[in-house]
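Overview (structure and organization)
The primary structure of each chain is shown beneath.
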Amino acid sequence: MTTKVITQERVKSLFDYREDGNLVRRVQTSNRVKIGDVVGWGNGTGYMSVNLDGSHWLIHRLIYLYHHGVLPKVIDHIDGNPLNNKIENLREATMEQNSLNQKGRKNSYSGIKNVYWHKRLKKWYVHVKRNKGIVHFGMFEDLEFAELVSIMAREKYHGQYANHGAAA
């Protein structure tokens, strides 16, 4: 397996960054692309991609490299929108931190992140992930109260990566 390597200098020689979070071409590399064209296409996963020097790159990774000169293993979109590649929306993260900053699941019975229905006890229960483990916060008859507990739990244990978004 080959590791892809690219430098900040290479990215800056090919692209300019626009404040709207797009990269635009500085040089014409083929007849199909023009100087000033916005770079990238949707790759089917919600992210924008580009082929560069024989390798496939995610646009947000190139933008981070363009500004910071380093390419961390994981880059988190603060607002959870993979199409918002403004530099102020990108931050270095661990895999765990990145996973904490996700909206709730579409198939959630409660529609609230970290709130689950316990069928046998007929109560809502709350738990959040923490350091590859789970912290339980109790069982509740009232869904609204369970939601408040889940918000406080995420703020306490997930900090700046807490995402209170409802199911996507």
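This section reports on the structure supplied with the text. (Residues numbered from 1 in each chain as written. Predicted model: local features only at pLDDT ≥ 70, side-chain atom pairs only at ≥ 80, totals over all residues. Heavy atoms only, no water.)

To summarise the sheet geometry, strands pair through backbone hydrogen bonds and adopt either a parallel or an antiparallel arrangement. With antiparallel pairing, 3 strands are arranged side by side in an open sheet as β8-β9-β10. The open sheet has two edge strands with one neighbour each: β8 (115-118) and β10 (133-140). Neighbouring strand axes in the sheet, compared pairwise and without regard to direction, differ in orientation by 30 degrees on average. Of the pairings in the sheet, the one linking β8 to strand β9 (residues 123-130) comprises 4 bridges and is antiparallel in character. Considered in β9, the bridge of Trp-117 is made with Trp-124. (Pairing = 2+ DSSP bridges. Helix = DSSP H or I, 4+ residues; strand = E, 2+ residues; numbered from the N terminus. Axes fitted to C-alpha atoms, helices over the stretch in contact; angles between N-to-C directions.)

This part covers the pattern of salt bridges. Inspection of the entire model under this criterion finds 4 salt bridges. Between Arg-26 and Asp-16 there is a salt bridge whose closest N-O contact spans 3.2 Å. Of this pair, Arg-26 sits in the loop between β2 (23-25) and β3 (41-42) while Asp-16 sits in strand β1 (residues 15-17), and the two are 10 residues apart along the sequence. Given a relative accessible area of 41%, Arg-26 falls into the partly exposed group. For Asp-76, the salt bridge goes to Arg-91, with nearest N and O atoms at 2.8 Å. (Salt bridge = Lys/Arg side-chain N within 4 Å of Asp/Glu carboxyl O. Buried < 20%, exposed > 50% of the residue type's maximum accessible area, 1.4 Å probe, protein only.)

That's the geometry; what it means functionally is another story.
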